[in-house]
Number of protein chains: 2
Amino acid sequence: MNYKQLSGLIKKKRSFLCIGLDSDPKKIPGNLLTSDDPVFEFNRQIIDATIDIAVAYKPNMAFYESEGIRGWKSLEKTIDYLGRFKDSVFAIADAKRGDIGNTSERYAKAFLADPPEGFGFDGITVAPYMGNDSVKPFLKYSEKWVILLALTSNSGAFDFQTEKLENGQTIFETVIRKSQEWGTHENMMYVVGATKAEMLAVIRRIIPNHFLLVPGIGAQGGSLEEVSEYGMTKDCGLLVNSSRGIIYASDKNDFAMKAREEALLLKNKMEHELYKYGVI
Amino acid sequence: MNYKQLSGLIKKKRSFLCIGLDSDPKKIPGNLLTSDDPVFEFNRQIIDATIDIAVAYKPNMAFYESEGIRGWKSLEKTIDYLGRFKDSVFAIADAKRGDIGNTSERYAKAFLADPPEGFGFDGITVAPYMGNDSVKPFLKYSEKWVILLALTSNSGAFDFQTEKLENGQTIFETVIRKSQEWGTHENMMYVVGATKAEMLAVIRRIIPNHFLLVPGIGAQGGSLEEVSEYGMTKDCGLLVNSSRGIIYASDKNDFAMKAREEALLLKNKMEHELYKYGVI
């Protein structure tokens, strides 16, 4: 999916919601446990219940890998299912990968190449520590996206990301600036945590047009209003993620309906922000 | 495997060789292609041919993930096979993972927990960018190791890792210093590329006793003599990795024998270095 299509999708759905599929077999309601593949069935019902209000879905690879081959199969079925909604959903592999060139090429193939070579995700989260040759292989796939970690939403973000270099810039600013040489606002996004919304103003001075993937709304304490105030562009330029707050809104058989209710609350606030800043 | 056992293994085998299993189905000799699982069969023959001279094996996750479920099965069989040599082999998941706490916990389980919960690797490479809560979950497994990226062997290492902070320290030094608060030389190692051997002297002033996992010998141009000169401790403190130089020494049916020859050349040099610096 390209920049224009993604922006168009946001305007059409009047939402910039990304739903994180951190689907934990231990948290899946009992009525699904008799299914052949409870995790896929859980994901499918969440997707069906929210497909008209979410712009993106983001399976978190760790939750599938930790279940071994069974988890890998659930992931395959989930991305295959998302493929049915190809032009109306942006699919993100939350993988935080990054390695030397020949290895990043492998990860890029695994996640971004279309089936049967790869999963065919639209974008993948990438860790910047190993620099340009660890990131560039992910940029070789047309209309696919690198979502580079810049300023994450966790407490450990203050260990390195916010440290200042000799030139007065923080490490996360340096990551954003240097990576401008590798890609454009049409194939790169950045992860910026909602818990540090005031830093969005700094970031927007460097990258006024790039999309940002914003975790940390809700459970982690970030505010949608602040994120929109400091981060929204004329095309929105934001994908705001919520995982646990939506998919585990209920641990009972009504989980999909409750997930929809939570997603709808966020979507309505998002629609308000899109209207307020003139995107729609 | 704990520090004492690993040091003992090095002294017993008179080697600190790690063989990287970057096993690419496209590079596997023709005679294996009729096997049920050519990648596993390739790995098994490499392991059998080198088990007496290699201390560690390091499957590179990208090469398995990019083959989907088939790759995952090859990986399962490979780690299961390595498990037969449990006390005489150190198994490393080259995964470069790292995410917020609840997600790193999942990765830690997948790679470090013993079967059937996880693969049961002895150690995993971890990316430091997301800070303490992204690394600590990997340290919860007894006698297992975090191998934290510090100064990698690729060209992109110069994008961020060698940049200097306001206090005059490089980012990679800061990663090493700060992570001293999270673990000890008995459960943490660091990745330091052989291509930057002169920086090992700086690193050894900060961490005189930690093990270092050193890629970049051979194909990437690093020198074993320099790495030993600047990096070796009284217990060796080094695991030097070679991947392509060994496993692709021949693309014909004699690949395992040729792999052994290449591994033996390195092992003989290593034995010399261990002797020279009084480790054996």
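Below or above, wherever it landed, is the structure these notes cover. No experiment lies behind these values; they were computed from the predicted model shown. (Residues numbered from 1 in each chain as written. Chains lettered and ligands numbered in written order. Predicted model: local features only at pLDDT ≥ 70, side-chain atom pairs only at ≥ 80, totals over all residues.)

## So, the interface of chain A and chain B
A common way to report how large an interface is uses the accessible area buried once the components associate.
Phase 1: Taken together, the contact between chain A and chain B spans 45 residues of the former and 45 residues of the latter.
Phase 2: Looking at the side of chain A that touches chain B, the elements that each hand over two or more residues are α3 (61-65), α4 (68-83), β3 (90-97), α5 (101-112), α6 (132-135) and α7 (171-179) of chain A.
Phase 3: Looking at the side of chain A that touches chain B element by element, the count peaks at 6 residues for α5(A).
Phase 4: Residues of the side of chain A that touches chain B, tallied by class, amount to 18 nonpolar, 14 polar and 13 charged. (Contact = placed C-beta atoms within 7 Å. Helix = DSSP H or I, 4+ residues; strand = E, 2+ residues; numbered from the N terminus. Nonpolar A, V, L, I, M, F, W, Y, C, P; charged D, E, K, R; others polar.)

## Here's the deal with the pairing of strand β3 (residues 90-97) of chain B
Residues and elements named next belong to chain B.
Phase 1: For β3, the buried fraction is high: 8 of the 8 residues fall into the buried class.
Phase 2: Of the two faces of β3, the one carrying Phe-90, Ile-92, Asp-94 and Lys-96 and the one carrying Ala-91, Ala-93, Ala-95 and Arg-97 are both buried.
Phase 3: In terms of strand pairing, strand β2 (residues 56-59) meets β3 through 2 bridges, oriented parallel. Looking at the pairing, Ala-56 lines up with Phe-90 of β3.
Phase 4: Both β3 and strand β4 (residues 123-126) contribute to a ladder of 3 bridges, which runs parallel. Within the sheet, the bridge partner assigned to Ile-92 lies in β4 and is Gly-123. (Buried ≥ 20, exposed ≤ 12 C-beta atoms within 10 Å, placed from the backbone. Pairing = 2+ DSSP bridges.)

## Some words on the sheet that holds β3(B)
Strands pair in a sheet through their backbones, by hydrogen bonds, and they do so in one of two ways: parallel or antiparallel.
All names here are of chain B.
Phase 1: Spatial strand order, β1-β2-β3-β4-β5-β6-β7-β8: 8 strands in a closed barrel with parallel pairing. The mean angle between the axes of side-by-side strands here comes to 30°, regardless of whether they run parallel or antiparallel.
Phase 2: In terms of strand pairing, strand β1 (residues 17-21) meets β2 through 4 bridges, oriented parallel. Considered in β2, the bridge of Leu-21 is made with Pro-59.
Phase 3: Contacts between helix α5 (residues 101-112) and the sheet are confined to β3 and β4, with β3 contributing the most and set at about 155° to the helix.
Phase 4: Against the sheet, helix α10 (residues 224-231) makes contact with β7 (211-214) and β8 (238-242), and its axis sits at roughly 160° relative to β8, the strand it touches most. (Axes fitted to C-alpha atoms, helices over the stretch in contact; angles between N-to-C directions.)

## Structural notes on the packing of helix α2 (residues 38-50) of chain B against helix α12 (residues 255-276) of chain B
All names here are of chain B.
Phase 1: At a minimum axis separation of 9 Å, α2 and α12 run at an interaxial angle of 45°. Between α2 and α12, the angle is such that the two are oblique. Two packed elements cross with a definite hand, and for α2 against α12 that hand is right-handed. Only Ala-256, Met-257, Ala-259, Arg-260 and Ala-263 of α12 make contact with α2, whose side of the interface consists of Gln-45, Ile-46, Ala-49 and Thr-50.
Phase 2: Looking at the contact of α2 with α12 residue by residue, the classes come out as 6 nonpolar, 2 polar and 1 charged. (Parallel < 35°, antiparallel > 145°, perpendicular 65-115°, else oblique. Left-handed = near helix turned anticlockwise from the far one by under 90°.)

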